[in-house]
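Analysis of the macromolecular model
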There are 2 protein chains.
Amino acid sequence: MDYREAGVDISAAEAAKVRIKRLAQRTVNASVLSEIGSFGGMFRPDLSSCPNPVLVASCDGVGTKIQVARLLGIHDSVGYDLVAHSVNDILVQGATPLFFLDYIALGKMDPELVESVVSGVARGCAEFSCPLLGGETAEMPGTYAIGDYDLAGFIVGIVDKDKALPQGVRKDDLLLGLPANGLHTNGYSLARRVLFETMGLGVHDHLPELGTTVGQALLATHRAYLAALEPLIERGKVRALAHITGGGFPGNIPRVLPAGLGARIRRGSWEVPALFRMIQKGGDVSEQEMFRTFNMGIGMVAVVAPADLHEVEHSLERRGETSLVIGSVVEGTGVAFE
Amino acid sequence: MDYREAGVDISAAEAAKVRIKRLAQRTVNASVLSEIGSFGGMFRPDLSSCPNPVLVASCDGVGTKIQVARLLGIHDSVGYDLVAHSVNDILVQGATPLFFLDYIALGKMDPELVESVVSGVARGCAEFSCPLLGGETAEMPGTYAIGDYDLAGFIVGIVDKDKALPQGVRKDDLLLGLPANGLHTNGYSLARRVLFETMGLGVHDHLPELGTTVGQALLATHRAYLAALEPLIERGKVRALAHITGGGFPGNIPRVLPAGLGARIRRGSWEVPALFRMIQKGGDVSEQEMFRTFNMGIGMVAVVAPADLHEVEHSLERRGETSLVIGSVVEGTGVAFE
């Protein structure tokens, strides 16, 4: 007997590593001191403009969006999603990315599948100037079905202690919503259940109200808001950010508000995209459940001082970013809808 | 329909979070600026004794050792393994830990299971002074069977650029082997196949040659070599380290040797533990396959200058660490056994 007969193919793993290495090389910058394949990835941060450096780290997955990727046979976009999600999570603390690592576990080592996933990871890493410093690819027969896999991403960023968010949030500050691109990476178990089972739709069904197929609408990539928000954070024009991920509005906005303050959201202030309404109607999902499961079309909420609103909106507009005032900070707790 | 009916229980996730938070609090130090549950964990490194800081990061899992944990219903030890494995991986670069994050994905959210796993992670984090800064717990019905789960860990450490390893490895340097505690976290798919299927053993079978049950022998925790090796690295007495993980001796020792140099290993220089011999015999596994799949009883190999051998052995002994000269650095490439 050998390792291969037991379901683990070290040669295939080596082939996957070669492909990963090639992709990762496109993401390196001068701070990266090691090659992919070292025991630990080595990164020398430039601390020249950061007198009080704070490292900000986050870990996340893309959930069962992977099952949609499998149905379509398209695996790069979930790789990109993983990076975009992570970039947003540390942006909430005011941090910009330093480097990224990924974990890919699969039932049967498939160098082409791994290459496809990592090509999306590398695309995101290059876009957000966040080198892919390392990672792990694990073949785990039994835990994952053949063809199935899971992904986790780890990001480390940096922020100067004095610029870390949230900072100075007050009553009457405005909540600015930035549009999401579809479901991002949350709520897929519910969305898949409703669309595929209750409604009996298939990934290739083209729906006029979506302007595309069900599969393409579900696979739309997670947007990162780094480019739009970084200059505003740098100038101190954003007091807090909430990345609308698992838990939706009520699960995420209160996390960045000080004790004694809550959020009031004006429900008609933006148009909830058709995909969410379709899931809501098709699955007879309550409005409350929708808002604690999905982003409902708002991927990031920025807390802005009323006096800064005009400048912030103008800056976002110059970078091609739409924004809408969707509510305000009020005395109280949690999220109230009106 | 709601998210819970679709297989994702946000309330159970919240309950798990409360337990994780309590465990993580035991691992914090003065550098940790955030609480578990922040979008990004915030860590302010002490750079006072590190003029040229290099961050060293690594990501890993524990493979199908989880399946042994499931058979025994013991889930904390794989959490500890995850941390110990990661600590060793960055130690290879000479780095000491700053912080740790974990990813736990499971088929059905089970706050007690999550608490058990994280209690092991937290035990490791506390032991290695490596705060648990954050993580992700993902319920993924469909990807994982009910009761099944996967784990990934992510560590960030620090080393001064001038002290980073490998450094100065030369021909005739000695290879010092440090004993492993069982299989650590590699080769479980092959070990399980041979022991449980070919040999028909059960986890509760007590075997005299192991001095314990098959399950306990397989679940033995991954040793970390930080405490034993850190003082030697600090004094420049170690030229390179190789963590014997997936790929075994041939997959790991050459990774830390300069071009043109290889390793010669004297096979009789240490006693291969009974568990490995049992797998080899029971599965009729070739010696070569054993050495590229398992650690064969050596968890870490240190490359040491001949002139430093006595001092290194003495220092290790004072810390209760056994070590054996198992070979040397030779001209050539790869690993040769004699």
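First things first, this report covers the structure right here in the doc. (Residues numbered from 1 in each chain as written. Chains lettered and ligands numbered in written order. Predicted model: local features only at pLDDT ≥ 70, side-chain atom pairs only at ≥ 80, totals over all residues.)

Some thoughts on the sheet that holds strand β2 (residues 53-61) of chain A
- The strand order β4(A)-β3(A)-β5(A)-β2(A)-β1(B) describes an open sheet built from five strands, whose pairing is mixed. In the strand order of this sheet, the two ends are held by β4 (132-139) of chain A together with β1 (41-43) of chain B, each with one partner. Here the average twist between neighbouring strands, direction ignored, is 15 degrees.
- Pairing geometry for strand β3 (residues 96-106) of chain A and β4 of chain A, over seven bridges, is parallel. For L101 of chain A, the partnering residue across the bridge sits in β4 of chain A and is G134 of chain A. (Pairing = 2+ DSSP bridges. Helix = DSSP H or I, 4+ residues; strand = E, 2+ residues; numbered from the N terminus. Axes fitted to C-alpha atoms, helices over the stretch in contact; angles between N-to-C directions.)

Some details on the pairing of β4 of chain A
- In terms of residue burial, β4 of chain A counts as a mostly covered element, since eight of its eight residues are buried.
- The parallel pair β3 of chain A and β4 of chain A is bridged by helix α4 (residues 111-127) of chain A, and the resulting crossover is right-handed. (Buried ≥ 20, exposed ≤ 12 C-beta atoms within 10 Å, placed from the backbone. Right-handed = clockwise from strand over helix to strand, strands pointing away.)

Re the relation of the copies chain A and chain B
- When chain A is brought onto chain B, the operation consists of a screw motion whose angular component is 180 degrees and whose axial shift is 0.0 Å, with 0.0 Å RMSD remaining. Taken together, the rotation and translation relating the two chain copies correspond to the operation of a two-fold axis.
- With an isologous cut-off of 70% or more, the 100% of interface residues of chain A that recur at the interface of chain B puts this contact in the isologous class. (Least-squares fit on C-alpha atoms with pLDDT ≥ 70 in both. Contact = placed C-beta atoms within 7 Å.)

Quick look at unusual backbone geometry
Residue and element names in this part refer to chain A.
- L165 connects to P166 through a cis peptide bond whose omega is -5 degrees.
- Following the sequence through the fold, P166 ends up in the loop between β5 (149-160) and β6 (174-179).
- Of note in this structure, S129 is not a glycine but carries a positive phi near 50 degrees.
- Here S129 is to be found in the loop between α4 and β4.
- One non-glycine residue, D284, lies in the positive phi region at around 50 degrees.
- Considering the arrangement of structural elements, one finds D284 in the loop between α9 (274-282) and α10 (287-293).

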